[in-house]
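Structural description and commentary
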Amino acid sequence: METYKQQNAQLQREAAHPTLAPEPPVLKVVREKARQRGLMNFFLPEVCKLTVLEYSPIAEILGTVPLANHAMNCAAPDTGNMEVLERYGTPEQKRKWLEPLLEGKIRSAFAMTEPGVASSDATNICSTITRDGNEYVINGHKWYISGAIRPECKVFIFLGRNSFEGPIHRQHSMIIVPKDLPGIKILRPLGVFGHEHDHAEIIFDNVRVPVSNMLLGEGRGFEIAQGRLGPGRIHHCMRTIGVAEAALDAILFRVRQRHAFGSVLSTKDTIRQQIAEARLEITKSRLLCYMAACEADDHGFKAARVAIAMTKVDAPRMCLQLLDNAIQIHGAHGISQDSLLTDLYANIRTLRVADGPDIVHLNTIAKEELKRKPTNLGITVSGVNDNIEKYGKFKHYKPLGKGSMIARL
């Protein structure tokens, strides 16, 4: 770890911008060790033969040691892109792009989000993929494309619109776009809480790729997205639970080291309550995540979408509260450069926006609940005021519109 930090710091100083620094050489060494021991690509059942549930505790550990994600080739966004290529790619697409990704020889990015539209509703995505003979011409403006700036990134999986007619969920496609093509311009690295990271704003201007780069076929973009985003979301939640464990460990260390108002912090009732509450919340989040993993294993990611939506909302919320408590317990040290707590907080807070904001997942959960018809139990518990019908003072009432409870008088 120390060698990695030293090499990374040196490479960042030498690069024109820190995000342009190449991977530290030691990462290749540890990746080779992981390959020799069969510790690569645990996220991909088709390759490693692990179920989603079996991968869950491994992903928790990877969440506590981000470098291990890269060493074991389990880092986003490559994981999602490899899943797409494995499940929907042609033999030639797999040979050219999946194989080097699985070996950790190259990196990739997922080009979806756009600054000019509300990308949380993916039907708004308006970058275009236009057929021109044996090629597709790609035009669009993307941003927060994670991993796109790093030198190791060689390819994008690009979501764009191939039609403005027909069923809305058949108007978009995904296509493979090599990063080095003419017409691709990285405008700038984008910030997260004021600090620039490897999230790029990119212009695609008349970028041409062969027809053979289309994934699955025109209009199949949302079909692919269902297969990509589900695993990515639950993997994020697994790693987030690992971060929560790290935050709790930091609290346990700190409260044993500091004295205030006559005693060590670990003896204070308020501190002990926070520790107990943290264990309760982590355990609940873990079980919810494992439930989603079981549903994905037994019925597929599409059928597990509600359970995944629940854990995608719950895990970051839980972890953020725990990180906030940890910062509070650490005091000024918790917001200093000597602690990792602020970096962890920024990363997890970003996760409540990444791969769909909370409100999108909450709507998914609510829509499924609202499909259920009222039960006798619900009607009985809710109760009825018989006097409304008895005295008839609301017979003139008519709802103004969908969902409205305002009377037209």
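Refer to the preceding data block for the structure.
Below is a summary of the structure that appears in this document. (Residues numbered from 1 in each chain as written. Predicted model: local features only at pLDDT ≥ 70, side-chain atom pairs only at ≥ 80, totals over all residues. Heavy atoms only, no water.)

For the rest of this paragraph, the subject is the overall build of the protein chain. The number of helices and strands found in the protein chain is 14 helices and 9 strands. C-alpha atoms of the protein chain, sized along the principal axes, occupy 80 × 75 × 40 Å. Within the protein chain, buried positions represent 44% of all 409 residues. Pairs at least 24 apart in sequence give 69% of the contacts found in the protein chain among residues at least 6 apart. Within the structure as shown, the protein chain displays about 22000 Å² of accessible surface, and the carbon and sulfur contribution to it stands at 56%. Charge-centre separation for the protein chain: the mean point of 52 positive side chains lies 4 Å from the mean point of 44 negative side chains. (Helix = DSSP H or I, 4+ residues; strand = E, 2+ residues; numbered from the N terminus. Buried < 20%, exposed > 50% of the residue type's maximum accessible area, 1.4 Å probe, protein only. Contact = heavy atoms within 4.5 Å. Areas by Shrake-Rupley, 256 points an atom, 1.4 Å probe, with all protein chains shown as cover. Lys, Arg positive; Asp, Glu negative; His and termini not counted. Charge placed at Lys NZ, Arg CZ, Asp CG, Glu CD.)

Residue placement: Ser336 occurs in the loop between α10 (305-330) and α11 (341-351). From its side chain, Ser336 meets the backbone nitrogen of Asp338 in a polar contact 3.2 Å long. (Polar contact = N/O pair within 3.5 Å; in protein donor to acceptor, adjacent residues only side chain to side chain.)

Take the pattern of salt bridges next. Working definition: two side chains of opposite charge can pair if their charged atoms are close together. Within this structure, the stated rule accounts for 21 salt bridges. The salt bridge partner of Arg208 is Asp132, with a shortest N-O separation of 2.9 Å. Of this pair, Arg208 sits in strand β7 (residues 195-210) while Asp132 sits in strand β2 (residues 128-132); the two residues are 76 residues apart in sequence, bridging distant segments of the chain. When its relative accessible area of 39% is taken as the criterion, Arg208 is described as partly exposed. For Asp132, a relative accessible area of 40% puts it in the partly exposed group. Arg188 is the salt-bridge partner of Glu201, the closest N and O atoms lying 2.6 Å from each other. In this pair, Glu201 sits in strand β7 while Arg188 sits in strand β6 (residues 184-192), placing the two residues 13 residues apart along the sequence. According to the relative accessible area criterion, Arg188 is partly exposed, its value standing at 41%. The structure contains a network of salt bridges with shared partners spanning Glu23, Arg31, Asp78 and Arg107. (Salt bridge = Lys/Arg side-chain N within 4 Å of Asp/Glu carboxyl O.)

A few words now on helix α7 (residues 91-102). Looking only at α7, the buried set comprises Gln93, Trp97, Leu98, Pro100, Leu101 and Leu102. Once α7 finishes, Gly104 follows within two positions and takes phi at roughly 75 degrees, a positive value.

The subject of this paragraph is the pairing of strand β4 (residues 153-161). Counting buried residues along β4, 8 of its 9 residues qualify, which places the element largely inside the surrounding structure. In the sheet, strand β1 (residues 107-111) pairs with β4 via 5 bridges, with the strands oriented parallel. Bridging from a neighbouring strand, Phe110 pairs with Ile157 of β4. (Pairing = 2+ DSSP bridges.)

Counting residues in hydrophobic clusters, the biggest one holds 69 residues, and the most contacted among them are Tyr55, Leu85, Met174, Leu215, Ile234 and Leu322. In terms of nonpolar packing, the next biggest core, distinct from the first, is built from 20 residues, Ala109, Tyr136, Phe156 and Phe204 among them. (Core = buried A, V, L, I, M, F, W, Y, C linked by side-chain atoms within 4.5 Å.)

Next up on the list: the packing of helix α8 (residues 221-257) against helix α9 (residues 269-299). Running from N to C, α8 and α9 cross one another at 165 degrees; their axes reach a closest spacing of 10 Å. In terms of their interaxial angle, α8 and α9 are classed as roughly antiparallel. In the crossing of α8 with α9, the sense of the turn from one axis to the other is left-handed. Between α8 and α9, the residues in contact are Ile234, Cys237, Met238, Ile241, Ala244, Glu245, Leu248, Ile251, Leu252 and Val255 and Ile271, Ile275, Ala278, Arg279, Ile282, Ser285, Arg286, Cys289, Ala292 and Ala293, respectively. Of the residues belonging to the contact of α8 with α9, the class tally is 16 nonpolar, 1 polar and 3 charged. (Axes fitted to C-alpha atoms, helices over the stretch in contact; angles between N-to-C directions. Parallel < 35°, antiparallel > 145°, perpendicular 65-115°, else oblique. Left-handed = near helix turned anticlockwise from the far one by under 90°. Nonpolar A, V, L, I, M, F, W, Y, C, P; charged D, E, K, R; others polar.)

Before going further, it helps to spend a moment on the packing of aromatic side chains. Tallied over the full model, the rule gives 3 aromatic pairs. Note on Trp143 and Tyr144: the rings are 5.0 Å apart at their centroids and 75 degrees apart in plane angle, and the pair reads as edge-to-face. Measuring from centroid to centroid gives 4.9 Å for Phe158 and Phe204, while their planes differ by 70 degrees, and the two rings are edge-to-face. On the criterion of sequence distance, the pair formed by Phe158 in strand β4 and Phe204 in strand β7 is long-range, its members being 46 residues apart. A relative accessible area of 0% places Phe158 in the buried class. Take Phe204: its relative accessible area is 1%, and that puts it in the buried class. Here the aromatic residues Phe156, Phe158 and Phe204 are joined through ring pairs into a cluster of three or more. One residue, Arg131, lies across the ring of Tyr136, its end atom 5.7 Å from the ring centre. (Phe/Tyr/Trp six-rings, centres within 6.5 Å; stacked < 30°, edge-to-face > 60°. Lys NZ or Arg CZ within 6 Å of the ring centre and 35° of its normal.)

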